[in-house]
Amino acid sequence: MTTAASPASPAPAAPARTVLAQFRSKDGEPTGPPLQLPVTTTAKELALVLNQLLANDEPLPYTFTVDDDEILTSIDHDVLTKQQKSTEATLIIEYTPQAVFRVRAVTRCGATMTGHADAVLSVHFAPDSRTVASGSGDATVRVWDLDTATPKATLKAHTNWVLCVAWSPDGNTIASGGMDGLVCLWDARSVKGTATKPLAVLKGHRDAVTCLAWEPMHANAACSRLASGSRDGTVRIWDTKSRTTEFALAQHTKAITCVKWGGEGLIYTASRDCSIKTWSANDGKLVRTLAGHGHWVNTMALSSETLLRTGPYDHVSAGKKWSNATEAAEVARERYRTGHKGAERLVSGSDDFTLFLWTPSASKQATTRMTGHQALVNHVTFSPSGARIASASFDKSIKVWDGFTGKFLFGLRGHVGAVYQCVFSADERLLMSASKDSTCKVWDLRTKKLKGDLPGHADEVYAVDWAPDGERACSGSKDRSLKLWRQ
Amino acid sequence: MPQNEYIEEAIKRYGRRFNHEERMRKREARSVHKNSATAQKLHGLKAKLHNKKRHTEKIEMKKTIKAHEEKNAKTTAPQEPQAGAVPAYLLDRSSQNNAKVLSNMIKQKRKEKAGKWNVPLPKVRGIAEDEMFKVLKTGKRQTKQWKRMVTKVTFVGDGFTRKPPKYERFIRPMGLRFKRANVTHPELGATFTLPMIGVKKNPSSPLYTQLGVITKGTIIEVNVSELGLVTTGGKVVWGKYAQVTNNPENDGCINSVLLV
């Protein structure tokens, strides 16, 4: 194997040491025959070799790991010396494809958008990354135009704080849930000014609506179903066309903290009664109860979440339009099929300082219990491909775990106050976190270090979101402003 | 004005009239008319004072009536959204607001500055100099009186060497030098003899602290490595403060309580 792209062999005195290496994909299948590679092979050269073996048309980027240790410089340096492996045994090199596009780190504040009269409580980018919606304590939802950083519309219908906003996967509707127990639907394409009337005001919950989840587009081309979880312990599935409750899921005894609509026809609900329940999306029957947490379950994340949230849009199709909803749904289905392999995974974070990784469709026992945090876990998120999990906790740290096994990879320290939310960039190389200490931080996941500090907010940062196309990130804070960050 | 409580005594002994409650009730019912009559008949300064008092009374009455009415009325008027908006994940979580944290920090700093610690014996009797020191007369004619001898128990430390006798002003007699103290753990109740490391503070005077004098109420530092205490970070604790609780010069031993 000395023909392909190996450097000018060093060590004129001693013979160039070689090692027997076997490439293996993430699912465990060996790729190609075992090869004899010189120990000074770098990661770039390994990538070249692998691309040739797989006969890719374009050279794709990969990361190589041996026993979960990434090869950054060369086999010799990273594997043999660091791990002290001998050259006798065959090295199993696992490769994982990286995202083809690279997101540049957001380093500077592009714009500060003020206008809200009270703290900004939640921020959500549209699936096509053109606009962002923010819900605030002054009972309004504002839709901002990102190119000019000005409010496109101010939507008033709530009478109390707007706790959550969610875009439908086709980008046509915005749903907002508030402290007054109402869920308001707005037509995203035609909002303008301050006098827009909501498409629908859905009444039914008796207490604050804490979380919203749209049905994925590949299951419902018209995006007409929405799930809302409330502090009164019930989850209502609404039909947006008829503006009624299709059914209510009322088995939880305490407030619902998180609702997620999975891609396989299951709805997951997490509650303060320490349990997570899975329901069938067709008829609302309880499928499973996932018990295990010792205290309130605060947050959940699905491995397919980014795919479901963006529907047919991906990082290149930002401005695309499809002729009709079914075509868009087809694209979304295709994206989901290729993007997400295997059973859907669910990770949940709780007040008992631990996280659990579940495969709800398979069993009601947790796959892994992930411990290590020293204070409650406030937010968990999967990376867009589902390979990594990040958890933000009140102990001022963020921990990154393997998305398939739940093994702890590394921790990120730097914040001086509780970390409220964290979000991956679209290419998974960067992680952004929002904290009580009024800063956001961008972390590089390759070097596992802080890439940049984003100060500028005057008070606690409550919400952060990264645009699905990776261009911009937005953070909302208690100081009533939103900041747009770009490179 | 009755002298002494003969009226109350009589009521206690013999009780009230049979129609007492009835009479009181009727008197109250009539009082409305009576007040009205006096209000009309009063004139001059008395009237002015009465009217002023009555005016304030009426305002109070109207306020309470209105408050009661509001309580009974059920309105569904849209209220303003309350202040203190928090995102969904912070609902029902009591977070100490920044003002409270800052004021606590300031209070802590003030306490530290004032030197007020939470100790078992907060107040101790101050010891005067003539009780603490005995004057020594030196010199050929025994007229020089600048030397003092300490009459209380002292702690001098390991590396202590006396100053040249010609220059030492304070003499700490070897008989009153102690190295170990009996330390009681307040929660466990057990007592250990532990070697002392030093005298941290004598409440009577900083001069006594410098000399190492140990009296009741003095804070001393003791070597607790024998107890095997470990901090939350995993480090071994080897020194802790204790406060002396007896008069060592009278008892011949130093008894103290550990400050945990």
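Residues numbered from 1 in each chain as written. Chains lettered and ligands numbered in written order. Predicted model: local features only at pLDDT ≥ 70, side-chain atom pairs only at ≥ 80, totals over all residues. Heavy atoms only, no water.

### Points about the overall build of chain B
Reasoning step 1: The helix and strand tally for chain B stands at 7 helices and 8 strands.
Reasoning step 2: Looking at the 260 residues of chain B, the share that counts as buried comes to 21%.
Reasoning step 3: Look at the contacts in chain B between residues 6 or more apart in sequence, and 46% of them connect residues 24 or more apart.
Reasoning step 4: When the accessible surface of chain B is split by element, carbon and sulfur atoms take 54% of a total near 20,500 Å². (Helix = DSSP H or I, 4+ residues; strand = E, 2+ residues; numbered from the N terminus. Buried < 20%, exposed > 50% of the residue type's maximum accessible area, 1.4 Å probe, protein only. Contact = heavy atoms within 4.5 Å. Areas by Shrake-Rupley, 256 points an atom, 1.4 Å probe, with all protein chains shown as cover.)

### Considering the pairing of strand β4 (residues 180-184) of chain B
All names here are of chain B.
Reasoning step 1: On β4, burial follows the alternation: Ala 181 and Val 183 on one face are buried, whereas Arg 180, Asn 182 and Thr 184 on the facing-out side are not.
Reasoning step 2: Pairing of β4 with strand β5 (residues 191-201) involves 5 bridges; the strand directions are antiparallel. Considered in β5, the bridge of Thr 184 is made with Thr 191.
Reasoning step 3: Count of turn residues in the β4/β5 antiparallel hairpin: 6 residues, of which Gly 189 carries a positive phi of about 85°. (Pairing = 2+ DSSP bridges.)

### Quick look at unusual backbone geometry
Residue and element names in this part refer to chain A.
Reasoning step 1: The residue Phe 353 is not glycine, and still its phi comes out positive at about 70°.
Reasoning step 2: Mapped onto the secondary structure, Phe 353 falls in the loop between β24 (346-350) and β25 (355-358).
Reasoning step 3: The backbone of Glu 428 shows a phi angle near 65°, a positive value even though the residue is not glycine.
Reasoning step 4: You can see Glu 428 is positioned in the loop between β31 (419-424) and β32 (430-435).

### A closer look at the interface of chain A and chain B
Reasoning step 1: Contact with chain A, which involves 23 residues of that partner, is made by 14 residues of chain B.
Reasoning step 2: Carbon and sulfur atoms make up 53% of the area that chain A and chain B hide from each other, which totals about 1,700 Å².
Reasoning step 3: Contact with chain B buries area across many residues of chain A, yet A:Trp161, A:Arg272 and A:Tyr462 alone supply 29% of it, more than any other trio.
Reasoning step 4: Summed over the shared surface of chain A and chain B, the result is 3 salt bridges.
Reasoning step 5: The salt bridge involving A:Asp351 is made with B:Arg93; its shortest N-O contact spans 3.1 Å.
Reasoning step 6: The interface formed by chain A and chain B contains 6 residue pairs in polar contact (both at pLDDT 80 or more).
Reasoning step 7: Looking at the side of chain A that touches chain B residue by residue, the classes come out as 11 nonpolar, 7 polar and 5 charged. (Buried area = accessible area lost by both parts, 1.4 Å probe. Salt bridge = Lys/Arg side-chain N within 4 Å of Asp/Glu carboxyl O. Polar contact = N/O pair within 3.5 Å; in protein donor to acceptor, adjacent residues only side chain to side chain. Nonpolar A, V, L, I, M, F, W, Y, C, P; charged D, E, K, R; others polar.)

### Quick look at the confidence of the model for chain B
Residue and element names in this part refer to chain B.
Reasoning step 1: For chain B, the mean per-residue pLDDT works out to 89, and 94% of the residues sit at or above 70.
Reasoning step 2: At the low end of the mean pLDDT range in chain B sits helix α4 (residues 98-114), at 75; at the high end sits helix α2 (residues 20-41), at 96.
Reasoning step 3: Model confidence for the complex: the whole-complex pTM is 0.64, and ipTM, which rates the interface, is 0.79. (pLDDT = per-residue confidence, 0-100.)

### Things to note about the packing of aromatic side chains
Each aromatic ring pair is specified by the distance between its two centres and by the angle formed by the two planes.
Reasoning step 1: One pass over the structure, following the stated rule, counts 9 aromatic pairs over all chains.
Reasoning step 2: A ring pair is formed by A:Tyr420 and A:Tyr462, whose centres lie 5.9 Å apart and whose planes are at 40°; its orientation type is tilted. Of this pair, A:Tyr420 sits in strand β31 while A:Tyr462 sits in strand β35 (residues 461-466), and the two are 42 residues apart along the sequence. As far as burial versus exposure is concerned, A:Tyr420 and A:Tyr462 are alike and both buried.
Reasoning step 3: Taken together, the aromatic side chains of A:Phe394, A:Tyr420, A:Tyr462 and B:Tyr89 make up a single cluster linked through ring pairs.
Reasoning step 4: Across the ring face of A:Trp296, the terminal group of A:Arg272 is positioned such that the distance to the ring centre comes to 4.1 Å. (Phe/Tyr/Trp six-rings, centres within 6.5 Å; stacked < 30°, edge-to-face > 60°. Lys NZ or Arg CZ within 6 Å of the ring centre and 35° of its normal.)

### Quick look at the sheet that holds strand β8 (residues 131-136) of chain A
Residues and elements named next belong to chain A.
Reasoning step 1: Strand order in the open sheet made by the 4 strands is β7-β8-β9-β10, with antiparallel pairing throughout. A single partner strand is all that each edge strand has here, and the edge strands are β7 (120-125) and β10 (150-156). Strand-to-strand twist in this sheet, taken as the mean axis angle between neighbours without regard to direction, amounts to 20°.
Reasoning step 2: With 5 bridges joining them, β7 and β8 adopt antiparallel strand pairing. The partner of His 124 across the bridge, within β8, is Ala 133. (Axes fitted to C-alpha atoms, helices over the stretch in contact; angles between N-to-C directions.)

### Observations regarding the pattern of salt bridges
All names here are of chain A.
Reasoning step 1: Applying the stated rule across the entire model yields 24 salt bridges over all chains.
Reasoning step 2: Linking Glu 246 and Arg 225 is a salt bridge whose minimum nitrogen-to-oxygen distance equals 2.8 Å. With Glu 246 in strand β18 (residues 244-249) and Arg 225 in strand β16 (residues 225-230), this pair connects stretches of sequence that are 21 residues apart.
Reasoning step 3: Classification of Glu 246 as partly exposed rests on a relative accessible area of 35%.

### Observations regarding the sheet that holds strand β2 (residues 144-150) of chain B
Residues and elements named next belong to chain B.
Reasoning step 1: Taken in spatial order, the 3 strands make up an open sheet running β1-β2-β3, and their pairing is mixed. The open sheet has two free edges, formed respectively by β1 (133-138) and β3 (170-171), since each of these has just one partner strand.
Reasoning step 2: Note: β1 against β2, 5 bridges, orientation antiparallel. Its bridge partner being in β2, Val 135 is matched across the sheet by Arg 148.

### Let's talk about a positive patch on the surface
Reasoning step 1: On the surface, B:Arg17, B:Arg23, B:Lys26, B:Arg27, B:Arg30 and B:Lys34 cluster together into a patch of positive charge.
Reasoning step 2: As for its placement among the helices and strands, B:Arg30 is situated in helix α2. (Patch = residues over 30% accessible without salt bridge, like charges linked within 9 Å, V, L, I, M, F, W, Y side chains within 5 Å. Lys, Arg positive; Asp, Glu negative; His and termini not counted. Charge placed at Lys NZ, Arg CZ, Asp CG, Glu CD.)

### Focus on the UniProt feature "repeat: WD" (unreviewed entry) in chain A
Reasoning step 1: The sites that UniProt annotates as "repeat: WD" (unreviewed entry) are residues 113-154, 155-196, 202-248, 249-289, 370-402, 412-453 and 454-487 of chain A.
Reasoning step 2: Taken end to end, residues 454-487 of chain A is 0% helix and 53% strand, and its two terminal C-alpha atoms sit 11 Å from one another. (UniProt positions renumbered as here; feature names shortened; annotations may be inferred.)

### Remarks on helix α3 (residues 45-72) of chain B
Reasoning step 1: With 28 residues, α3(B) extends 41 Å from end C-alpha to end C-alpha; this agrees with the ideal 40 Å at 1.5 Å per step.
Reasoning step 2: Burial of α3(B) is sparse: only 1 of the 28 residues sit out of reach of the surface. (Expected span 1.5 Å × (residues − 1).)

### What about the nonpolar core?
Reasoning step 1: Ranked by internal contacts, the top residues of the largest apolar core, which has 18 residues, are A:Phe23, A:Leu46, A:Phe64, A:Ile71, A:Ile75 and A:Ile93.
Reasoning step 2: Residue assignment for this core shows that the elements contributing at least two residues are β1 (18-25), β2 (30-38), α1 (43-54), β3 (62-66) and β5 (91-97) of chain A.
Reasoning step 3: Counting residues per element, this core draws most heavily on α1(A), which supplies 4 residues.
Reasoning step 4: Counting 16 residues, the second largest nonpolar core, distinct from the first, contains B:Ala181, B:Met196, B:Val222 and B:Leu258. (Core = buried A, V, L, I, M, F, W, Y, C linked by side-chain atoms within 4.5 Å.)

### Here we look at the pairing of strand β8 (residues 255-258) of chain B
All names here are of chain B.
Reasoning step 1: Side chains of β8 alternate between two faces, with Ser 256 and Leu 258 buried and Asn 255 and Val 257 left unburied.
Reasoning step 2: Taken together, the 3 bridges between strand β7 (residues 239-244) and β8 define a ladder with antiparallel strand orientation. Paired with Ala 242 across the bridge in β8 is Leu 258.

### Points about the environment of B:Val199
Residues and elements named next belong to chain B.
Reasoning step 1: Examined against the element boundaries, Val 199 turns out to sit in strand β5.
Reasoning step 2: Sequence separation between Val 199 and Leu 211 is 12 residues; the distance between their C-alpha atoms is 8.9 Å.
Reasoning step 3: Those residues in contact with Val 199 that lie beyond four places of it in its chain are Phe 155, Thr 209, Gly 212, Val 213, Ile 214, Thr 218, Ile 219 and Ile 220.

### Some details on α1(A)
An α-helix turns once per 3.6 residues; consequently, residues spaced three or four apart project the same way.
Residue and element names in this part refer to chain A.
Reasoning step 1: End to end, α1 covers 16 Å across 12 residues, agreeing with the expected 16 Å (1.5 Å per residue, within 8%).
Reasoning step 2: Along α1, the positions that sit buried rather than exposed are Ala 43, Glu 45, Leu 46, Ala 47, Val 49, Leu 50 and Asn 51.
Reasoning step 3: Following α1 by one or two positions, Ala 55 adopts a phi angle in the positive range, close to 55°.

### Re a nonpolar patch on the surface
Reasoning step 1: Residues B:Val101, B:Leu102 and B:Met105 make up a contiguous nonpolar surface patch of about 250 Å² in total accessible area.
Reasoning step 2: Inspection of the secondary structure puts B:Met105 in helix α4.

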